[in-house]
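# Geometric and topological summary
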Amino acid sequence: MAALAETLRDKIRSRRARTGVVGLGYVGLPLAVEFGKAGFHATGIDLDARKVQAINDGRSYIPDVPTADVQALGAKGLLDATTDFSIVRDLDTINICVPTPLRKTKDPDMSYIVSAVEGIAKHLHPGMLIVLESTTYPGTTDEVVQPMLEATGLKAGQDFFLAFSPERVDPGNPTFQTHNVPKVVGGYTTACSQLAAELYGSAIETIVPVSSTRVAEMVKLLENTFRAVNIGLVNELALMCDRMNINVWEVVDAAKTKPFGFMAFYPGPGLGGHCIPIDPFYLSWKAKQTGFDPRFIELAGHINGGMPHYVVDKVSEALNTRRKAVNGSNILVAGVAYKRDIDDMRESPAMDVMGLLLARGANIAYADPWVPEVHAREWSGGYDIKAVDMTRGNIAKYDCVVIVTDHKAFDYQALVEEADVIVDTRNAIKDPHPNVFKLGAPRGASEDRKAVIV
Ligand SMILES: NC(=O)c1ccc[n+]([C@@H]2O[C@H](COP(=O)([O-])OP(=O)(O)OC[C@H]3O[C@@H](n4cnc5c(N)ncnc54)[C@H](O)[C@@H]3O)[C@@H](O)[C@H]2O)c1
């Protein structure tokens, strides 16, 4: 065992180790590129032949990864991709970055991890390091991955090395990217931890070793549950503020001037993305198996899940001031990606907002410079629909504009000047305006509303 560990350590230090990344998505491609930049030969394995082709052609399809990087690494022979798992025979290390979605029942869908590990197990050989990065419940690495790999006859910590290291990438974040976000690493044994830390330490600035794979798995779920719960809290505060005629955005901005003991979270139209709406349910599923009732997670899920309905109520309230109904109104949804300045639509609350408005009889259009089209399968009851341009002439055509994602590219001044009614779920329009109905805040001019309340 010591000899195998030493050999792999030497290969990593000398960059002779051949690295592999399974799953070339938002997480896997940036990681493979970092390994390439660190001087390793990196091979991506993905079932999606189009992604594999793109990498081999020197093209990036992930906005945070410049095509120039993929091209340069490809030209140096440091980055390539394949759909064929038999390449595992030639690899020394593998990082698994496949999706971990929820089933409709909110149970973990482990099928992607299982299929990736099956592919690896067929070609596993002594001395390899396997690291799972996909966000998952505590126990996945030693209860699911380890037995599958050990069914080959090789033993974890002895014949091969096994670790979990959560990915923390924040797509679209210009400051923090794969190489400068500290990397938590937990191995099955100390040697496993050390080798995983050695590998990541070659490409990532700060490594944070923890005592086990389960601790590392739980770290990621704490981080994301922390966000889900705090967003749930501030969303509930927004609902309260709406009733109490208080501007929740002003409250949060003032509260965050406290230099200690407070962290600002903002309300919004609902949770989106592959992580925050999903990961806490991985934890609650596992906790329930031990007879533990994870109340915070369920409550936050309930409040956050209700936000698209609240947005639709706001639209109805806004149209009501114009003596219009949602039914038959032309509504423009501004922004459908799950957050600002990215193209990722996964779990986007815009899909719920659009589906709910459609169900109430609205005619839906959307604008989003990052998302040229939305497919029928992505929104309930919906159809294939293409983005419209948010030109002044276009804006004026709609009875109501709902800002669901506050992309920087939108011309908010033009919106305020041209739209009859705006529902702003992101506080994108800072100055009060009589036509702007903000989530968690009194109506723009607020004087008429005060008069009613008094
Ligand atoms: N996107 C994020 O911001 C983010 C941040 C932190 C953690 N994560 C976690 O990282 C993991 C990956 O997320 P992502 O956003 O990169 O997903 P993604 O959907 O962008 O990419 C996953 C890739 O895996 C491929 N794939 C699926 N099954 C495969 C298999 N059996 N073999 C080979 N390839 C396979 C898919 O074709 C796809 O290209 C998830 O667990 C996610 O929760 C994501």
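That block above? That's the structure.
Presented here is a report on the structure given in the accompanying data block. (Residues numbered from 1 in each chain as written. Predicted model: local features only at pLDDT ≥ 70, side-chain atom pairs only at ≥ 80, totals over all residues. Heavy atoms only, no water.)

## What about the overall build of the protein?
The number of helices and strands found in the protein is 15 helices and 15 strands. For 454 residues, the compact-globule formula gives about 22 Å, and the C-alpha radius of gyration of the protein, at 24 Å, lands near that figure. With the C-alpha coordinates aligned to their principal axes, the bounding extent of the protein is approximately 80 × 50 × 40 Å. Taking as baseline every contact in the protein between residues at least 6 positions apart, the subset at least 24 positions apart corresponds to 68%. Each charge class in the protein was averaged separately, 47 positive and 55 negative side chains, and the resulting centres sit 2 Å apart. (Helix = DSSP H or I, 4+ residues; strand = E, 2+ residues; numbered from the N terminus. Rg over C-alpha atoms; globule rule 2.2 N^0.38 Å. Contact = heavy atoms within 4.5 Å. Lys, Arg positive; Asp, Glu negative; His and termini not counted. Charge placed at Lys NZ, Arg CZ, Asp CG, Glu CD.)

## Regarding the site of the ligand
Lining the immediate surroundings of the ligand are 28 residues, of which Val27, Asp46, Lys51, Thr100 and Ser115 lie closest. In this structure, aspartate 46 approaches the ligand through a side-chain N or O atom, which is 2.6 Å from an oxygen atom. At a separation of 2.8 Å, an oxygen atom of the ligand approaches a polar side-chain atom of lysine 51. Burial of the ligand by the surrounding chains reaches 92%, relative to a free accessible area of 830 Å². Here the shell around the ligand takes three residues from helix H5 (residues 111-121), the largest share from any one element. The class makeup of the residues in the shell around the ligand is 15 nonpolar, seven polar and six charged. (Near = heavy atom within 4 Å. Polar contact = N/O pair within 3.5 Å; in protein donor to acceptor, adjacent residues only side chain to side chain. Areas by Shrake-Rupley, 256 points an atom, 1.4 Å probe, with all protein chains shown as cover. Nonpolar A, V, L, I, M, F, W, Y, C, P; charged D, E, K, R; others polar.)

## A word on the nonpolar core
Ranked by size, the top nonpolar core spans 48 residues in total, and within it Val315, Ile331, Val336, Leu357 and Val374 carry the most contacts. Excluding residues within four positions of it along the chain, valine 336 makes contact with Met345, Ser348, Ala350, Met351, Met354, Tyr366, Asp368, Val371, Val374 and Thr405. (Core = buried A, V, L, I, M, F, W, Y, C linked by side-chain atoms within 4.5 Å. Buried < 20%, exposed > 50% of the residue type's maximum accessible area, 1.4 Å probe, protein only.)

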